[in-house]
Amino acid sequence: MDNRLNDALAFANYRLTLQVQRQNIEARVAAAMILSFQNAIFTATQELIGHVGLLTVRGDTVLVSDNSGNVIEIANSNDFLTQLIKTYNSAMKLKQEEQQRLKSARSTAKIVGL
Amino acid sequence: MSTKGFIMFAYNNEQLDYTQLALVAAYAVKKYMPEYPVVLVTNQASLEHCKETHGVPMMNAAWDDIIITDPGYEKNMRLHHDGAYNSFNAQFTNTNKHDIYNISPFDETILIDTDYLCGNNNLSKLFGGQHDVAMYRDARNLRMEEPYTTERWLHYAGIRMWWSTVVYWRKSEEAEHFFNTWLAVKQNWEYYRFLYKFPGTLYRTDYSASIAAHMCDGWSDGGFIGQIPNYMRYQDQRDDIVEVFGPNHWVMLSNLPEEWKNIVVEIKGEDVHMMNKKSIIRTYDKIIEALA
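Residues numbered from 1 in each chain as written. Chains lettered and ligands numbered in written order. Predicted model: local features only at pLDDT ≥ 70, side-chain atom pairs only at ≥ 80, totals over all residues.

## With respect to the interface of chain B and chain A
Threshold: What counts as a contact here is a pair of residues whose C-beta atoms, placed from the backbone, lie within 7 Å. Here a strand is any run of E in DSSP of at least two residues, a helix any run of H or I of at least four, and the numbering for each starts at the N terminus. We call Asp, Glu, Lys and Arg charged. Ala, Val, Leu, Ile, Met, Phe, Trp, Tyr, Cys and Pro are nonpolar, and the rest, Gly among them, are polar.
The interface of chain B with chain A comprises 26 residues on the first partner and 25 residues on the second. The element contributing the most residues to the side of chain B that touches chain A is strand β15 (residues 263-268) of chain B, with six residues. Partitioning the side of chain B that touches chain A into residue classes produces eight nonpolar, 10 polar and eight charged.

## Considerations on unusual backbone geometry
Operational definition: Comment: burial labels come from other C-beta atoms within 10 Å of the residue's own C-beta, placed from the backbone, where a count of 20 or more is buried, 12 or fewer is exposed, and between is partly exposed.
Within the chain, asparagine 39 of chain A stands out as a residue other than glycine whose phi angle is a positive 60 degrees. Topologically, asparagine 39 of chain A is positioned in the loop between β1 (34-37) and β2 (40-43). Phi at tryptophan 219 of chain B is positive, roughly 55 degrees, even though this residue is not glycine. By secondary structure assignment, the location of tryptophan 219 of chain B is in the loop between α7 (205-216) and β11 (226-227). Given 9 C-beta atoms within a 10 Å radius, tryptophan 219 of chain B is considered exposed.

## Overview of the sheet that holds strand β12 (residues 232-235) of chain B
Sheets are built from strands that pair by backbone hydrogen bonding, the pairs being arranged parallel or antiparallel. Residues and elements named next belong to chain B. In plain terms, the rule: We treat two strands as partners when DSSP finds at least two bridges between them.
Read across the open sheet, the four strands follow the order β7-β16-β12-β9; overall the sheet is mixed. One side of each edge strand has no neighbouring strand; the edge strands of this open sheet are β7 (116-117) and β9 (139-140). With two bridges connecting them, β7 and strand β16 (residues 272-274) associate as antiparallel partners. Looking at the pairing, leucine 117 lines up with valine 272 of β16.

## Thoughts on the pairing of strand β4 (residues 77-82) of chain B
Residue and element names in this part refer to chain B. As judged from the six bridges shared by β4 and strand β5 (residues 86-91), these two strands associate in the antiparallel manner. By the bridge assignment, arginine 78 is partnered in β5 with alanine 90. Linking β4 back to β5 in an antiparallel pair, the connection comprises three residues, with glycine 83 at a positive phi of about 75 degrees.

## Topic: the sheet that holds β11 of chain B
Residues and elements named next belong to chain B. For clarity, the threshold we go by: Every axis in this analysis is a line fitted to C-alpha atoms, fitted for helices over the stretch in contact. Angles between the N-to-C directions lie between 0 and 180 degrees.
Here seven strands make up an open sheet; going across it, the order is β3-β2-β1-β6-β10-β8-β11 and the pairing mixed. Two strands close off the open sheet at either side, each with one partner strand: β3 (65-68) and β11. Judged from the two bridges that link them, strand β8 (residues 133-136) and β11 form a sheet pairing that is parallel. Bridge pairing links alanine 134 to glycine 226 in β11. Its contacts with the sheet place helix α1 (residues 18-32) against β1 (4-10), β2 (38-42) and β6 (108-112), and it is angled at close to 160 degrees to β1.

## Observations regarding the confidence of the model for chain A
Rules: pLDDT measures the predictor's confidence residue by residue and takes values from 0 up to 100.
Mean pLDDT over chain A stands at 94; residues scoring 70 or higher make up 99%. Within chain A, helix α2 (residues 46-58) of chain A carries the highest mean pLDDT (98), whereas helix α4 (residues 108-111) of chain A carries the lowest (91).

## Describing the nonpolar core
Residue and element names in this part refer to chain B. Condition: Joining buried Ala, Val, Leu, Ile, Met, Phe, Trp, Tyr and Cys residues through C-beta atoms within 7 Å gives a set, and that set is a nonpolar core.
If you look at the biggest cluster of nonpolar residues, it comprises 83 residues, and the most contacted ones within it are Met8, Ala25, Ala26 and Met135. Here this core gets 10 residues from one element, more than from any other, and that element is α1. When residues no more than four places from it in sequence are discounted, the contact partners of alanine 25 are Met8, Ile112, Thr114, Tyr116 and Leu117.

Now the structure itself:
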């Protein structure tokens with residue numbers, strides 16, 4: 001096979017592995033964003049943090065939808081907010097570390113840590 | 001105070017040592033959720049084999065209790081793949097999975113298959129949750145792609161599939177209805193196979209649980225079953241393990257029938273349903289070392 005084609009196919013393999021690895025990092029981050037609070041399961045998103053933060057500052061009742069669509073009245077919104085932020089930050093830190101590692105991975109083997 | 005714990009079935013056959021897989025699965029649960037007990041359900045022959053092969057200290061570290069129950073032999077041959085190039089047939093004993101409602105000693109139980117390896121503590125968040133029964137609805141393979149249509153739908157014009165790989169339930173009237181319906185589906189498998197129009201003769205608990213869920217929900221999809229968050233990551237039977245870097249850190253080969261499309265994939269920090277059981281057995285020592 002022509003060397004140029006060989007190189008192109010190797011590059012295509014590298015790009016595919018990189019793309020899958022990026023998606024796998026997202027999957028790992030999605031798993032790390034799951035939070036259990038008051039017998040309900042939530043995903044610590046920016047939107048939820050912003051919403052709970054605003055209601056907490058205003059001193060309003062905090063009613064939020066869990067991942068299954070059940071409306072939960074949060075008894076201690078400060079505690080909930082703290083847990084949401086902690087979960088979100090830890091997931092983002094993980095994502096940042098993985099992205100940094102990927103940036104310097106210049107071969108297929110390096111992408112997957114081999 | 002309700003009791004909570006994990007439970008798993010392991011019935012060996014000539015090809016696969018399910019108790020060995022169960023040891024790995026139990027060690028993974030203990031690694032990430034050490035506060036919860038793990039119970040093994042097996043038969044006498046598998047238990048004796050496990051004692052001889054792996055030893056009692058190993059078993060004591062994995063399981064808090066062992067329940068002996070034998071569902072008896074019902075022919076249920078299953079084609080397994082071991083990577084892209086090997087395949088074998090083996091008896092698949094899964095005919096009493098629905099009976100776990102009566103077997104479990106816990107008020108709240110998470111049943112996991114022996115090839116489901118926990119990589120974090122997310123499953124424990126199901127305890128005390130809003131649903132009496134919960135399972136995975138969606139799955140993604142090593143490439144983050146959706147599974148084949150037959151793993152998502154029982155029929156292209158039929159109902160969605162629930163994965164019975166992980167089943168959470170709380171002892172309740174609703175959960176009892178679900179498991180009793182599962183039993184009825186199992187007992188009338190030919191009828192339901194015809195009614196729900198799915199192919200093959202293998203008794204699949206994913207399908208019987210999905211039909212039971214559909215029936216209990218008033219023949220609709222109305223939220224009777226809770227969805228386990230996100231999706232179930234799985235390694236296909238054609239895939240393989242290349243390297244074990246840690247208790248939840250794997251490098252795997254994602255294989256396709258076309259060899260030139262195979263790629264390596266790194267999985268970290270997630271639960272993984274390792275469908276290629278022999279890949280676990282091949283790397284058993286490394287996995288146990290990482291989990292211990």
